[in-house]
Amino acid sequence: MEDTLLLYLSSLVCLIESVVITTSFSMSKGIKLLGIFLLYSIPLYYLLFTRSYGGTGLVWWFYLLCFNSLYILLLLFYLTYCIFKKIKSKK
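Student: Tell me what's going on with the packing of helix α1 (residues 2–24) against helix α3 (residues 56–90), and back it up with residues and numbers.
Tutor: Across the interface, α1 lies against α3 with an axial gap of 9 Å and an inter-helix angle of 25 degrees. Judged on the interaxial angle alone, α3 and α1 are roughly parallel. Every pair of crossing elements has a handedness; the one defined by α1 and α3 is left-handed. Class assignment for the residues of the contact of α1 with α3 results in 15 nonpolar, six polar and three charged.

Dropping the structure here:
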């Protein structure tokens, strides 16, 4: 259960960052980013929970963790870019 907890937490961080982008900066960009997140996570979660026999569960778990980590980094870079852009426009 601890392995899936790590996936749930990383997915929760992705969702929270998408909501912050949607509410604070751009509604359309946030919805697009949320769609991208759902586009890769739903099939991989489905494969993890239904087709994880013979060791393939570790593959789906690893793919989800890698994609979530990359997505978190992408969203962090985008958030810092938006914050710096907002600060610069106020000056």
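Student: Tell me about the nonpolar core, and name the residues and values.
Tutor: Core analysis: the largest hydrophobic core is formed by 16 residues, its most contacted members being Leu 7, Cys 14, Tyr 40, Leu 48, Leu 64 and Tyr 71. Of all the secondary-structure elements, those providing two or more residues to this core are α1, α2 (27–50) and α3. Counting residues per element, this core draws most heavily on α3, at seven residues. Excluding residues within four positions of it along the chain, Tyr 71 makes contact with Cys 14, Glu 17, Ser 18, Leu 33, Leu 34, Ile 36, Phe 37 and Tyr 40.

Rules behind the numbers
Residues numbered from 1 in each chain as written. Predicted model: local features only at pLDDT ≥ 70, side-chain atom pairs only at ≥ 80, totals over all residues. Heavy atoms only, no water. Axes fitted to C-alpha atoms, helices over the stretch in contact; angles between N-to-C directions. Helix = DSSP H or I, 4+ residues; strand = E, 2+ residues; numbered from the N terminus. Parallel < 35°, antiparallel > 145°, perpendicular 65-115°, else oblique. Left-handed = near helix turned anticlockwise from the far one by under 90°. Nonpolar A, V, L, I, M, F, W, Y, C, P; charged D, E, K, R; others polar. Core = buried A, V, L, I, M, F, W, Y, C linked by side-chain atoms within 4.5 Å. Buried < 20%, exposed > 50% of the residue type's maximum accessible area, 1.4 Å probe, protein only. Contact = heavy atoms within 4.5 Å.

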